[in-house]
Amino acid sequence: MKIERIAENKIRCTLNKQDLSDFDVKLSEFAYGTPKARTLFESLMKQAEAELGFEPDEMPLMIEAMPEAPDRLILIQSSANSLRMKKMPWMMKILEVPS
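Given the structure is predicted, the values throughout are model-derived calculations rather than measurements.

Engineer: Mind showing me how you'd approach the overall build of the chain here?
Structural biologist: Of regular secondary structure, the chain possesses five helices and four strands. Listed by position from the N terminus, the elements making up the chain come as β-β-α-α-α-β-β-α-α. Evaluated residue by residue, the chain yields a buried proportion of 31% over its 99 residues. Counting every atom, the chain has about 6,800 Å² of accessible surface; 52% of that belongs to carbon and sulfur.

Engineer: Sorry if this is basic, but what is going on with the nonpolar core here?
Structural biologist: Soluble globular proteins tend to pack their nonpolar side chains together in the buried interior. Within the largest apolar cluster, 17 residues are counted, with the highest numbers of intra-cluster contacts made by Ile11, Leu15, Phe30, Leu40, Leu44 and Leu75. Where this core is concerned, the elements lending two or more residues are strand E2 (10–15), helix H3 (35–52) and strand E4 (72–79). Ranked by the residues each element gives to this core, the list is headed by H3, at six residues. Other than its neighbours up to four places away in sequence, Ile11 contacts Ile3, Glu4, Arg5, Ile6, Met45, Ala48, Leu52, Phe54, Leu75, Ile76 and Gln77.

Engineer: Sorry, what's going on with H3 here?
Structural biologist: Along an α-helix, a turn takes 3.6 residues, which lines up residues three or four apart on a common side. With 18 residues, H3 extends 25 Å from end C-alpha to end C-alpha; this agrees with the ideal 26 Å at 1.5 Å per step. Among all positions in H3, only Ala37, Leu40, Phe41, Leu44, Met45 and Ala48 are buried. Buried residues of H3, seen end-on, are gathered within an arc of 140 degrees and therefore sit on one face of the element. For H3, exposure combined with an orientation more than 90 degrees from the buried face picks out Pro35, Lys46 and Ala50. Here the buried face of H3 lies against strand E1 (2–7), E2, helix H1 (17–22), helix H2 (29–32), strand E3 (61–69) and E4. The positive-phi residue at the C-terminal boundary of H3 is Gly53, with phi of around 70 degrees.

Criteria and cut-off values
- Residues numbered from 1 in each chain as written.
- Predicted model: local features only at pLDDT ≥ 70, side-chain atom pairs only at ≥ 80, totals over all residues.
- Heavy atoms only, no water.
- Helix = DSSP H or I, 4+ residues; strand = E, 2+ residues; numbered from the N terminus.
- Buried < 20%, exposed > 50% of the residue type's maximum accessible area, 1.4 Å probe, protein only.
- Areas by Shrake-Rupley, 256 points an atom, 1.4 Å probe, with all protein chains shown as cover.
- Core = buried A, V, L, I, M, F, W, Y, C linked by side-chain atoms within 4.5 Å.
- Contact = heavy atoms within 4.5 Å.
- Expected span 1.5 Å × (residues − 1).
- Arc of directions from axis to C-beta.

Function-wise, these values are silent; they only describe arrangement.
Structure, rendered in structure tokens:
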């Protein structure tokens, strides 16, 4: 598992086949937010905080999941800018963010 900061409010996590196996998670489970995928994500966030000091103070946390190969997944997490979100009420509705 490789975690790197790519911006002040954004990190990239690279998960390989072994990482997914360690948590008994399949790539497809990230699309549905299964308990196993959530456990893996929580572990990633704890590791990002410990290694990089990444503590998103703004919610919601936006997550992009991109399969890079059949056995590798890239997750990009970024804290959403609340002022920008308020300018996009349709996005707030999708993400169920209170106004």
